[in-house]
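# Structural features, examined
Here is what each chain is made of, one letter per residue.
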Amino acid sequence: MRKQDKRSAEIYSISKALFAPTRLEITLNNFVNSLSLVLRMRRGGLEIPASEGETKITAATRNSGSPSAADYTVPKAAIDQIMTAGRLVVPDVCNSELFKDQIKWHRIGPTAFIAAAVEVDHETGGMLWFERAKESGYDYEEDVHLLSRAADLAGMAIRLHRTISGRGRTFAEEQEEQQNSRDEQSQSSARQRLLKNDGIIGESTALMAAVDTAKVMAETNSIVLLRGETGTGKECFAKLIHQHSTRQKKPFIKFNCPALSESLLESELFGHEKGAFTGAIAQRVGRFESANGGTLLLDEIGEIPPAFQAKLLRVIQEGEFERVGGTKTLKVDVRLIFATNKDLEMAVQNGEFREDLYYRISGVPLILPPLRHRDGDIPLLARAFLQRFNEENGRDLHFAPSALDHLSKCKFPGNVRELENCVRRTATLARSKTITSSDFACQTDQCFSSRLWKGVHCSHGHIEIDAPAGTTPLLGAPANDVPPKEPGSAGVASNLIERDRLISALEEAGWNQAKAARILKKTPRQVGYALRRHGVDVRKL
């Protein structure tokens, strides 16, 4: 695995660990230990001083056979510099005035110290630090840059946990209660589900978990990044977050960011003044102004040109911009939600997407499950789409049981959007009120959408997706349930989900591969192959 690929995978793992449904102290300790592996540090820690109504937060690395980071005290003079500058690099603590009175630091020999400030609730009061063996001529810039981004993510996670704990609960308790509530209502009708989830149809475990997470996210103003394959309902989830937030009575504005030029994007998002360019016959308000006080969804964020990304970053950070052709600085209060089906990590590595913008928008990610992982949702969706078709066209069509069984066997690479198109096409051409399995286009090899996907073909009357040659199917999924690697967006999202399940099983098993294999119902050899394929470093606990 290339160094850049491995670093992206490690950053994704760290980000995921920060928003796991566990107690905050466990989450932060796992985060610090994971970060120490990424930075290859000997020890480190995170400290957030007590504030009004909150207790002090500490986390430290676990080091077998050597003193823990909790045994070391960072000098006050060093802390003051970290709080003032936001970061600190000391190439050798033994030769530093800041550490001259710290005997423990001197006993460990020539040691480098790096740290970054942590901002919680818009106040800089904490720090994230690590130490490593001194290396002559070593450039610490990359390490301190990553540490600063990690400190930003940690601050977001702490704010999210505090929001929930303000109601006298923990993140884990919130998730457990929501799971219990789902179990009690598992027999509810599809229409009840439709009303409860604000237009998101389904009752599968994967979908409900995503819905519950979205509702938790709605309680804060944190930036959210919706990720998933095309057709998984990213716009629906953005509306769900808006409708469950304090901004629900304010505007919800959506904008699709296709491959437009920088000037067109700037005009669409920031607006323009009269006479700013040829054809600007009147002043125009942009999407940011229209969404002031509410929520703005920027879909396909991975498609914006690099030249415009710096301008967007400024608006995200400052909340300020100027209209095209204008000189007045406008300030807005907007909750931002981004969505993409693109591999942003690869785009960063290829220089197509700014690294600082990537870290700014990916703090709170939500990966939406593809339809093939939503067991039992296809019949509910199909009935809802057919009912909508009937109401729009004055028809009275319904599905035969064999038709719903047939649809449930399809994989639908295009997800919900493809399923809706399938239902509408079949209903339009239906010759009787009852739609049977023989009415579907794939029965006569006329399912043209499958040709868009490499490795997809029609067999036994339904779509199947072949595993690429020489690979192992998705962990916990049938052999014919491996999404293709092309187009890139689908393969990347599925790989993220597979890697997510793999790491989750390993964490549950205490990083014992044999136990993880039993959880995933796979052989240890298959788990070992998946570890190598995804570049997962096995932890030694």
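With that settled, consider the sheet that holds strand 13 (residues 335–340). Taken in spatial order, the five strands make up an open sheet running 7-10-13-6-14, and their pairing is parallel. At either end of the open sheet lies a strand with only one pairing partner, and these are strand 7 (252–256) and strand 14 (364–367). Across the sheet, the mean angle from the axis of one strand to that of its neighbour is 20°, orientation sign disregarded. Lying on the sheet, helix 9 (residues 234–243) is in contact with strand 6 (224–227), strand 7, strand 10 (295–299), strand 13 and strand 14; it crosses strand 6 at an angle near 150°.

The biggest cluster of nonpolar side chains holds 88 residues, and the ones touching the most others in it are Phe31, Leu46, Leu128, Phe237, Phe288 and Phe338. Per-element accounting of this core gives the leading share, eleven residues, to helix 5 (residues 141–165). Apart from residues no more than four positions distant in its own chain, Phe237 is found in contact with Ile200, Leu207, Ala210, Val211, Ala214, Leu226, Leu366 and Leu368. If you look at the next biggest cluster of nonpolar residues, it comprises 27 residues, including Phe389, Ala403, Phe412 and Ala427.

Let's shift gears to the packing of helix 10 (residues 262–270) against helix 12 (residues 306–318). Two elements in contact, helix 10 and helix 12, have axes separated by 9 Å at closest approach and are oriented at 20°. By the criterion of interaxial angle, the relationship of helix 10 to helix 12 is roughly parallel. The handedness of the crossing between helix 10 and helix 12 is right-handed. Facing Glu262, Leu265, Glu266, Leu269 and Phe270 of helix 10, the residues of helix 12 in contact are Ala307, Phe308, Lys311 and Val315.

Among all positions of helix 19 (residues 513–520), only Ala516, Ala517 and Leu520 are buried. One side of helix 19 carries all its buried residues, which in axial view fall inside an arc of 105°. Of the residues that open helix 19, the one with a side-chain oxygen 3.0 Å from the backbone nitrogen of Ala514 is Asn512. Directly after helix 19, the chain includes Lys521, whose backbone phi takes a positive value near 60°.

A few words on empty space enclosed by the protein. One pass over the structure, following the stated rule, counts four cavities of 30 Å³ or more. One number sums up the size of the second largest cavity: a volume of about 90 Å³. Lining the second largest cavity, in full, are Ile11, Tyr12, Ser15, Leu153, Arg227, Glu345, Tyr358, Tyr359, Ser362 and Pro365. Elements that contribute at least two residues to the lining of the second largest cavity include exactly helix 1 (3–18) and helix 14 (355–361).

Criteria and cut-off values
Residues numbered from 1 in each chain as written. Predicted model: local features only at pLDDT ≥ 70, side-chain atom pairs only at ≥ 80, totals over all residues. Heavy atoms only, no water. Pairing = 2+ DSSP bridges. Helix = DSSP H or I, 4+ residues; strand = E, 2+ residues; numbered from the N terminus. Axes fitted to C-alpha atoms, helices over the stretch in contact; angles between N-to-C directions. Contact = heavy atoms within 4.5 Å. Core = buried A, V, L, I, M, F, W, Y, C linked by side-chain atoms within 4.5 Å. Buried < 20%, exposed > 50% of the residue type's maximum accessible area, 1.4 Å probe, protein only. Parallel < 35°, antiparallel > 145°, perpendicular 65-115°, else oblique. Left-handed = near helix turned anticlockwise from the far one by under 90°. Arc of directions from axis to C-beta. Polar contact = N/O pair within 3.5 Å; in protein donor to acceptor, adjacent residues only side chain to side chain. 1 Å grid on protein atoms, 1.4 Å probe; cavity = no way out; pocket = protein on both sides within 12 Å on 5 of 7 lines; lining within 4 Å. Points joined across faces, edges and corners; volume = space filled by probe spheres on them.

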